[in-house]
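Spelled out, the chains give:
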Amino acid sequence: MNRKVLFGGLLVSLPLVILLLLSLGRDPHQVGSPLVGRPAPHFTLPVVGGGESVTLESMRGRTVVLNFWATWCVPCLEEHPVLAAGPRRFGGDVVFLGVVYQDETADVRRFLREQGSSYPSLLDDSGKVAIAYGVYGVPETFFVSPGGTIVDKQVGPLTPDLLAFYIDRARSAAAAPSKSTS
Amino acid sequence: MNSALARPALRSLLLALSAALAAPLTAQAPGDAPIDLAQVANLVGAPRGRELAGDALEAEAQRVSSVLRCPVCQGLSVADSPSTMATHMRQQVRELVAAGFSEDQVLSYFEASYGEFVRLQPPLRGINWLVWLAPVAGLALGLGIVVWVLRGATATGRTPGAAPAATASPAAPVSERDPLPEDPALAQAVLRVRAVAYGWPGGRRPEAR
């Protein structure tokens, strides 16, 4: 009888143990993006503060840092200086774009006036672009290679080191388009 | 015409109307460019169904939204979630369905950006079979165990696989029908229990029947 109980217990628990062991190294908060390694979805969005709309297509040949953010998001405030220093730090072949999601234009203007801005912030009122990029929350940052492929996706605030790391990867992805892992 | 309506009735009617119209109205709000259908078609192919409008559109949009998972609330469908993200996704579903995209195409479109996770029903492929088959397998296993235990109970004291107890017991010798433990003290206890429980004199089955 004891042997039967042991056998039954093993039968039930072994698959569970195997499943847990297989998932041991994974971060449960990091839901991988199916977009990494694929062409970045196109978009044309109006710029906060007016002016001509910005099209992703027109950025071809340059590395694009696409940052989804909102004024009500504290980590976005934390990473803002890192991104704001970006254009000067990385030069003209890297384009920084902010996409504001689920926010009020007036709040965004005030935020940018107070915190400073060095690159265009785009308005995505209908959430179209955020959904096309599979955005769950803010901040999320996509790194698009000069060839227009999404090379990496960062969930959570960027540090100067992380930013440099991802930009390096996106730049060097120019030669070999597509095929990348996260 | 309006003056004929009592004011409270009018107000409640207006409230109900505005609630019913909220989603379609926001979908047409100024500045909200419609979804880029060409880009969607690029991902999932040309629309497979026909263009919809009116009630058919609402019903189909509702149906597709109810199998699409809201990414920010995870446990809820886009149709059930009150979040802004879900509202936006409902609008998109509506636009896509109106343009004639099939349920599978709409789901595939969202899957391209969010992964298979957005499908509330995991599609039948790869490891997902496990999700569909495991409950059936579990049920079969449970039934098997129940049958096994029940058979063990009817064939008391016999090894599994022996002839069923029902046909064997009347003809079997007395000692085999009501087996006793080998330990004499334990056997005495069992006899006492049988005497109390069944009213058998001395704990032994009365032969006459």
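These numbers were taken from a predicted model, which means no experiment stands behind them. (Residues numbered from 1 in each chain as written. Chains lettered and ligands numbered in written order. Predicted model: local features only at pLDDT ≥ 70, side-chain atom pairs only at ≥ 80, totals over all residues.)

(A) Structural context of the overall build of chain B. Scanning chain B from N- to C-terminus turns up nine helices and zero strands. Listing each helix as α and each strand as β along chain B from the N terminus yields α-α-α-α-α-α-α-α-α. Counting only residues that meet the buried cut, chain B has 17% of its 209 residues in that class. A fraction of 50% describes how many contacts in chain B between residues 6 or more apart in sequence connect residues 24 or more apart. (Helix = DSSP H or I, 4+ residues; strand = E, 2+ residues; numbered from the N terminus. Buried ≥ 20, exposed ≤ 12 C-beta atoms within 10 Å, placed from the backbone. Contact = placed C-beta atoms within 7 Å.)

(B) Summary view of the packing of helix α2 (residues 37-44) of chain B against helix α5 (residues 103-114) of chain B. All names here are of chain B. Following both chains from N to C, one finds α2 and α5 inclined at 95 degrees, their axes separated by 9 Å at the closest point. As the angle between them shows, α2 and α5 are arranged roughly perpendicular. Facing α2, whose interface residues are Val40, Leu43 and Val44, α5 presents Gln105, Ser108, Tyr109 and Ala112. Among the residues making up the contact of α2 with α5, the classes are represented as five nonpolar, two polar and no charged. (Axes fitted to C-alpha atoms, helices over the stretch in contact; angles between N-to-C directions. Parallel < 35°, antiparallel > 145°, perpendicular 65-115°, else oblique. Nonpolar A, V, L, I, M, F, W, Y, C, P; charged D, E, K, R; others polar.)

(C) Layout of the sheet that holds strand β3 (residues 63-69) of chain A. Residues and elements named next belong to chain A. Strands sit in the order β5-β4-β3-β6-β7 across an open sheet of five strands; the sheet is mixed. Unpaired on one side and paired on the other, β5 (121-123) and β7 (150-155) mark the two borders of the sheet. The sheet shows a mean angle of 20 degrees between the axes of neighbouring strands, direction not considered. Sheet analysis places β3 next to strand β4 (residues 94-100), joined by seven bridges and oriented parallel. The partner of Trp69 across the bridge, within β4, is Val100. (Pairing = 2+ DSSP bridges.)

(D) Spotlight on helix α3 (residues 54-65) of chain B. All names here are of chain B. Taking 1.5 Å as the rise per residue, α3 with 12 residues should run 16 Å; its terminal C-alpha atoms sit 17 Å apart, in good agreement. Looking at α3, one finds that the buried residues are Ala61, Val64 and Ser65. For α3, the angular spread of buried residues about the axis comes to 95 degrees, placing them on one side. Seen from the buried face of α3, the exposed residues on the opposite side, beyond 90 degrees, are Asp55 and Ala59. Here the buried face of α3 lies against α4 (84-98) and α5. (Expected span 1.5 Å × (residues − 1). Arc of directions from axis to C-beta.)

(E) Focus on unusual backbone geometry. Cis peptide bonds are those with omega within 30 degrees of zero, and the linkage from A:Val138 to A:Pro139 qualifies with -5 degrees. Mapping A:Pro139 onto the fold places it in the loop between α5 (128-132) and β6 (140-144).

(F) Quick look at the pairing of β3(A). All names here are of chain A. With respect to burial, β3 is a largely interior element, seven of its seven residues being buried. The alternating pattern of β3 places Thr63, Val65, Asn67 and Trp69 on one face and Val64, Leu66 and Phe68 on the opposite face, and all of these are buried. Strand direction decides the pairing type here: β3 and β6, joined by five bridges, are antiparallel. Of the residues in β6, the one forming a bridge with Phe68 is Glu140.

(G) Representation of the environment of B:Ser83 within the structure. Residues and elements named next belong to chain B. When you line up the elements, Ser83 lands in the loop between α3 and α4. Using a count of 15 C-beta atoms within 10 Å as the deciding quantity, one classes Ser83 as partly exposed. Considered as a pair, Ser83 and Cys70 are 13 residues apart in the sequence and their alpha carbons are 8.4 Å apart. Excluding residues that lie within four positions of it along the chain, Ser83 makes contacts with Cys70, Val72 and Cys73.

(H) α5(B), seen in detail. Across its 12 residues, α5(B) extends 16 Å between first and last C-alpha, which sits within 8% of the 16 Å expected from 1.5 Å per residue. When α5(B) is considered as a whole, its buried residues turn out to be B:Gln105, B:Val106, B:Leu107, B:Tyr109, B:Phe110, B:Glu111, B:Ser113 and B:Tyr114. Residues of α5(B) that are buried make contact with α5 of chain A together with α2, α3 and α4 of chain B.

(I) Up close: the nonpolar core. In this structure, A:Val99, A:Val144, B:Val93, B:Leu96 and B:Val106 are the most contacted members of the largest nonpolar core, which totals 65 residues. Here this core gets seven residues from one element, more than from any other, and that element is α4(B). Leave out the neighbours within four places in its chain, and B:Leu96 touches B:Ile35, B:Val40, B:Phe101, B:Val106 and B:Tyr109. (Core = buried A, V, L, I, M, F, W, Y, C linked by C-beta atoms within 7 Å.)

(J) A look at the environment of A:Ser126. Residues and elements named next belong to chain A. Tracing the sequence through the fold places Ser126 in the loop between β5 and α5. For Ser126, a count of 21 C-beta atoms within 10 Å gives the class buried. C-alpha of Ser126 to C-alpha of Gln102: the two residues are 24 residues apart in sequence and 8.5 Å apart in space.

(K) View of the confidence of the model for chain A. All names here are of chain A. Summing up the model confidence of chain A, the mean pLDDT is 88 and the portion of residues at 70 or higher is 91%. The least confident element of chain A is helix α1 (residues 2-22), whose mean pLDDT is 87; the most confident is β3, at 96. Low pLDDT, under 50, characterises residues 177-182; the stretch is placed with 15 contacts to residues that sit more than four places away or in other chains. (pLDDT = per-residue confidence, 0-100.)

(L) Representation of the pairing of β4(A). All names here are of chain A. The buried count for β4 comes to seven of seven residues, which makes it a mostly enclosed element. Taking every second residue as pointing to the same face, both faces of β4 are buried, with Val94, Phe96, Gly98 and Val100 on one and Val95, Leu97 and Val99 on the other. The pairing of β4 with β5 spans three bridges and is classified as parallel. Considered in β5, the bridge of Gly98 is made with Ser121. The handedness of the β4 to β5 crossover, carried by helix α4 (residues 105-115), is right-handed. (Right-handed = clockwise from strand over helix to strand, strands pointing away.)

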